[in-house]
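The chain contents come next:
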Amino acid sequence: MDIRKLEDWYQKHHRKLSFRMTQNPYHIWVSEVMLQQTQVDTVLPYFERFIQKYPTIDELAIADEETLHKDVEGLGYYRRFKNMHLAAKYIKDHHQGIFPKTYEEVIALPGIGKYTAGAIMSIAYNKPYSALDGNVIRVLSRYLGNPHDMREEKNKKVLDQYNQQQIERSTPEVYTQAMMELGAILCRPKNPKCEECPLNTSCFAYQRNEMQSYPYLSRLKEKKNEFYITLIIHHNEGVYVRKRTETLLNGMYEYPQFEFESIASVVQFLEEKGITLVFHGESSTYQHIFTHKIWHMIVCHVSLVGKPDSDWIWITIKDLDNIPMSIAHRKISIFK
Ligand code: SF4
């Protein structure tokens, strides 16, 4: 690979993103965590607000968990922020609040895998550690004409080894960012801008006009369908919510919901607990698509006769905006 051409291209053409104009490892860490599964344009305002609110790792470490959840509401995949919070506490306690400098210490932090460790080590410390994300997989599988299934770890590993060889011949901080940027703005999934690409003279896919054949990704398993009866339980000027303890969306609030086939089953289930539901008008349906599953929700507005369930928490309608809630439920109208 012509590393010099790639790096020159990056210096001239990269987007001036706030988290790409810093070598502060804390800022790079936050941005990389936010960018996992989330688009750059969505991340930018969150990143800026977050760094303003938590300017140091120590401040992040002592943040209230619920407030932190609220600060990242809308980005999805909340477990990554839970891990980030844990890692910040660990850095505060074991590294005096200073982001560690060795690969071994970085990858030992909660929620930091090989990709994130490689990104931080190369961008913040200019050390040659490969950072292979989805964009770089696309660039390299096209560039090398690698026909293997990139859902399989063993095939990604081959690209990772190649990426490692290249970064060892380069200026790591520039190389990593150049590959990410190339994947984002030129080597796009559809309609790559190969004419502008600094790698085009030696790109296998471009030379054969086979860009769309790479990367090869086998079909994903079908998403699992889950069916819920979701209750907006009105009481005085508020509603009841519960805090999730399940792995998915752990710590986020939601309206009480039941994985039952019919409203009648929920009525019977709650009757047995001494709770009678009074229905207000027609139900409505909502859907939310996660990576691996789809929630189908029948939403009913109700009020209660009897004591509420012990894990339901009453909250005013005004305060609903101040608690962390997943988008799946945030989009449900609480008005009948
Ligand atoms: S030439 Fe096209 S396909 Fe090849 S790396 Fe560049 S943008 Fe991607």
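Rules used in this analysis
Residues numbered from 1 in each chain as written. Predicted model: local features only at pLDDT ≥ 70, side-chain atom pairs only at ≥ 80, totals over all residues. Heavy atoms only, no water. Phe/Tyr/Trp six-rings, centres within 6.5 Å; stacked < 30°, edge-to-face > 60°. Lys NZ or Arg CZ within 6 Å of the ring centre and 35° of its normal. Pairing = 2+ DSSP bridges. Helix = DSSP H or I, 4+ residues; strand = E, 2+ residues; numbered from the N terminus. Axes fitted to C-alpha atoms, helices over the stretch in contact; angles between N-to-C directions. Parallel < 35°, antiparallel > 145°, perpendicular 65-115°, else oblique. Contact = heavy atoms within 4.5 Å. Nonpolar A, V, L, I, M, F, W, Y, C, P; charged D, E, K, R; others polar. Core = buried A, V, L, I, M, F, W, Y, C linked by side-chain atoms within 4.5 Å. Buried < 20%, exposed > 50% of the residue type's maximum accessible area, 1.4 Å probe, protein only. Domains from an automatic or database assignment. Near = heavy atom within 4 Å. Expected span 1.5 Å × (residues − 1). Salt bridge = Lys/Arg side-chain N within 4 Å of Asp/Glu carboxyl O. Polar contact = N/O pair within 3.5 Å; in protein donor to acceptor, adjacent residues only side chain to side chain. Arc of directions from axis to C-beta.

Caption draft 1: Broad picture of the packing of aromatic side chains. A complete count under the given rule lists 12 aromatic pairs for this structure. Sitting over the face of the ring of Y46, R49 holds its NZ or CZ atom 5.0 Å from the ring centroid. A cation over an aromatic ring shows up here: R208 above the ring of F204, its NZ or CZ 3.7 Å from the ring centre.

Caption draft 2: How the structure looks around the pairing of strand β6 (residues 284-289). Pairing of β6 with strand β7 (residues 293-305) involves six bridges; the strand directions are antiparallel. Each bridged residue has a counterpart across the sheet, and for Q287 the counterpart in β7 is H296. Once β6 ends, the chain turns through three residues before running back antiparallel as β7.

Caption draft 3: Examining the packing of helix α1 (residues 3-13) against helix α11 (residues 172-185) more closely. The geometry of α1 relative to α11 is characterised by a closest axis approach of 9 Å and an angle of 70° between their N-to-C directions. One way to sum up the angle between α1 and α11 is to call them roughly perpendicular. Every residue of α11 that contacts α1 at I3, L6, E7, W9, Y10, Q11 and H13 is listed here: V174, Y175, Q177, A178, M179, E181, L182 and I185. Classifying every residue of the contact of α1 with α11 gives 10 nonpolar, three polar and two charged.

Caption draft 4: Quick look at the nonpolar core. Within the largest apolar cluster, 63 residues are counted, with the highest numbers of intra-cluster contacts made by W29, M34, F50 and F99. Looking at which element gives the most residues to this core, the answer is helix α8 (residues 114-125), with eight residues. When residues of this core are assigned to domains, at least three map to each of domain 1 (3-213) and domain 2 (224-330). When neighbours within four sequence positions are excluded, M34 is seen to be in contact with V43, Y46, F47, F50, V72, L75, R80 and F81. Core analysis: the second largest hydrophobic core is formed by 29 residues, M1, V136, Y162 and L186 among them.

Caption draft 5: Molecular detail of the site of the ligand. Every residue near the ligand is listed here: R142, C187, C194, C197, N200, C203, Y206 and M211. When the residues that make up the shell around the ligand are grouped by side-chain class, the tally is six nonpolar, one polar and one charged.

Caption draft 6: Region of the structure containing α11. Look at α11: 20 Å from first C-alpha to last across 14 residues, which is about the 20 Å you get at 1.5 Å a residue. Burial runs high along α11: 11 of the 14 residues are buried. Burial in α11 covers these residues: P172, V174, Y175, T176, Q177, A178, M179, M180, E181, L182 and G183. In this structure, the buried residues of α11 make contact with α1, α2 (25-35), α8, α9 (134-144) and α10 (153-168).

Caption draft 7: Fine view of the domain arrangement of the protein chain. For the protein chain, the assigned domains read domain 1 (3-213) and domain 2 (224-330). The partner domain 2 presents 15 residues to the nine residues of domain 1 that form the contact. Linking domain 1 to domain 2 there are two salt bridges. Our count for the domain 1 to domain 2 interface comes out at seven residue pairs in polar contact (both at pLDDT 80 or more). Of all the elements in the fold, those that place two or more residues in the side of domain 1 that touches domain 2 are α5 (65-71) and α6 (79-94). Per-element tally for the side of domain 1 that touches domain 2: the top contributor is α5, with three residues.

Caption draft 8: Representation of α6 within the structure. Here α6 is 16 residues long and its end C-alpha atoms lie 22 Å apart, about the 22 Å a rise of 1.5 Å per residue gives. Among the residues of α6, those classed as buried are R80, F81, M84, H85, A87, A88 and I91. For α6, the angular spread of the buried residues around the axis is 165°, confining them to a single face. Away from the buried face of α6 by more than 90 degrees, exposed residues R79 and D93 are located. Looking at the residues trailing α6, positive phi occurs at Q96, about 55°.

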